[in-house]
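Descriptive structure summary
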Amino acid sequence: MAAINTLKLISCDGVTVTISREAAKQSQVFKDMIEDLPEEEIDYAIPITEVNGETLKRAVGWCERRTEEEQEKEAALWKEHKDKLKGEATKDHGESSKENDNSRAIASSSLPQPTGIPAQEKEFFASLNQQELFELILAANFFEIQLLLECTSITIADHIKDMSTAQMREYFGIENDFTLEEEHKLRVENQWADDTKHINGR
C-alpha cells in the first residue's frame, strides 16, 4: 500500500482543507486518520462535524507552520552535527559510515522541546478575538494537538490573570447564581486569596 501524503478534511460548514502527512503528525487524530485511510479513499474528504471552516484552517495552518519550523531547526542541527563529524577522526570506514547513518536521528532527537508560546507564534495568538480563541482551543483538544492546546490555554490565562471574579464570569459567559449574602460569605471565607494578591503586588 502506497503512503498517503495528504489528508482532505471538510468542516461542518462545507470548507475543504488539506493537510500534509508531516504536518498531520502534530495531531494524534490527524496522524491516525492518514495512517488508517485506505489507498482507494485517498481523494475522499473526511467530514469534521465538530469544527467550522475558519477554525479548521487555523488549526491545520498552525500544524503546517509548526512542522516547517521544526524541519528548519532539524536541518540546522543536522548540518552542525555533520560539521562535527567531519572534524572527528574515526577508527575505520565502517565506524564512520555507522555514525553518518545515525546522525539525522541524533540531530532530530536533539531538538529542544518548546515551553510556552513559540516567539514566532505570539502574533498569531494575539490576533485572535475571544470567540476565535475559544473555538481554536476546542479544536486543539478535539484533534489532540498538544502544543496548540497549551498555547491557547496560556493565551487565555494571560487574558484573565488580572480580571475580577465578575469580569471572568462575563469573559466565559458564566451566569452568577449566588445571592448577595452567599457572595459576601465566600469573600469573607476566601479573604486570604485577596491578601496573597496584595503581598505579591497584584
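These lines cover the structure that appears in this document, whether it is placed above or below. (Residues numbered from 1 in each chain as written. Predicted model: local features only at pLDDT ≥ 70, side-chain atom pairs only at ≥ 80, totals over all residues. Heavy atoms only, no water.)

Look at helix α7 (residues 146–160): 21 Å from first C-alpha to last across 15 residues, which is about the 21 Å you get at 1.5 Å a residue. For α7, the complete set of buried residues consists of Leu147, Leu148, Cys151, Thr152, Thr155, Ile156 and Ile160. (Helix = DSSP H or I, 4+ residues; strand = E, 2+ residues; numbered from the N terminus. Expected span 1.5 Å × (residues − 1). Buried < 20%, exposed > 50% of the residue type's maximum accessible area, 1.4 Å probe, protein only.)

This next bit is on the packing of aromatic side chains. Counted according to the given criterion, the structure contains six aromatic pairs. Aromatic side chains Phe30 and Phe143 sit 4.5 Å apart centroid to centroid with 35° between the ring planes, which places their arrangement in the tilted category. Remark: Phe143 occurs in helix α6 (residues 130–143) and Phe30 occurs in helix α2 (residues 28–36); sequence separation between them is 113 residues. A centroid spacing of 5.9 Å and a plane angle of 5° characterise the contact between Phe134 and Phe172, whose relative ring orientation is stacked. Here Phe172 lies in helix α8 (residues 165–172) and Phe134 lies in helix α6, a separation of 38 residues in the sequence. Judged by its relative accessible area of 37%, Phe172 falls in the partly exposed class. Through a chain of ring-to-ring contacts, the aromatic side chains of Phe30, Phe142 and Phe143 assemble into a single cluster. It is Arg65 that lies over the ring of Phe124; its NZ or CZ is 4.7 Å from the centre. (Phe/Tyr/Trp six-rings, centres within 6.5 Å; stacked < 30°, edge-to-face > 60°. Lys NZ or Arg CZ within 6 Å of the ring centre and 35° of its normal.)

Here strand β1 (residues 6–11) shows one buried face, formed by Leu7, Leu9 and Ser11, and one open face, formed by Thr6, Lys8 and Ile10. Relative to strand β2 (residues 16–20), β1 is paired through five bridges, and the arrangement is antiparallel. Its bridge partner lying in β2, Lys8 is registered against Thr18. As judged from the three bridges shared by β1 and strand β3 (residues 46–48), these two strands associate in the parallel manner. Note on β3: the bridge partner recorded for Ser11 is Ile48. (Pairing = 2+ DSSP bridges.)

Moving on to the packing of α6 against α7. As a packed pair, α6 and α7 sit with axes 8 Å apart at the nearest point and diverge in direction by 150°. One element, α6, and the other, α7, form an angle in the roughly antiparallel class. When you trace α6 past α7, the crossing you get is left-handed. Contacts between α6 and α7 involve Leu133, Phe134, Leu136, Ile137, Ala140 and Asn141 from the first element and Leu148, Leu149, Thr152, Ser153, Thr155, Ile156 and His159 from the second. When the residues that make up the contact of α6 with α7 are grouped by side-chain class, the tally is eight nonpolar, five polar and no charged. (Axes fitted to C-alpha atoms, helices over the stretch in contact; angles between N-to-C directions. Parallel < 35°, antiparallel > 145°, perpendicular 65-115°, else oblique. Left-handed = near helix turned anticlockwise from the far one by under 90°. Contact = heavy atoms within 4.5 Å. Nonpolar A, V, L, I, M, F, W, Y, C, P; charged D, E, K, R; others polar.)

Taken together, the side chains of Glu175, Asp177, Glu181 and Glu182 present a region of like negative charge at the surface. Its location among the elements puts Glu181 in helix α9 (residues 180–189). (Patch = residues over 30% accessible without salt bridge, like charges linked within 9 Å, V, L, I, M, F, W, Y side chains within 5 Å. Areas by Shrake-Rupley, 256 points an atom, 1.4 Å probe, with all protein chains shown as cover. Salt bridge = Lys/Arg side-chain N within 4 Å of Asp/Glu carboxyl O. Lys, Arg positive; Asp, Glu negative; His and termini not counted. Charge placed at Lys NZ, Arg CZ, Asp CG, Glu CD.)

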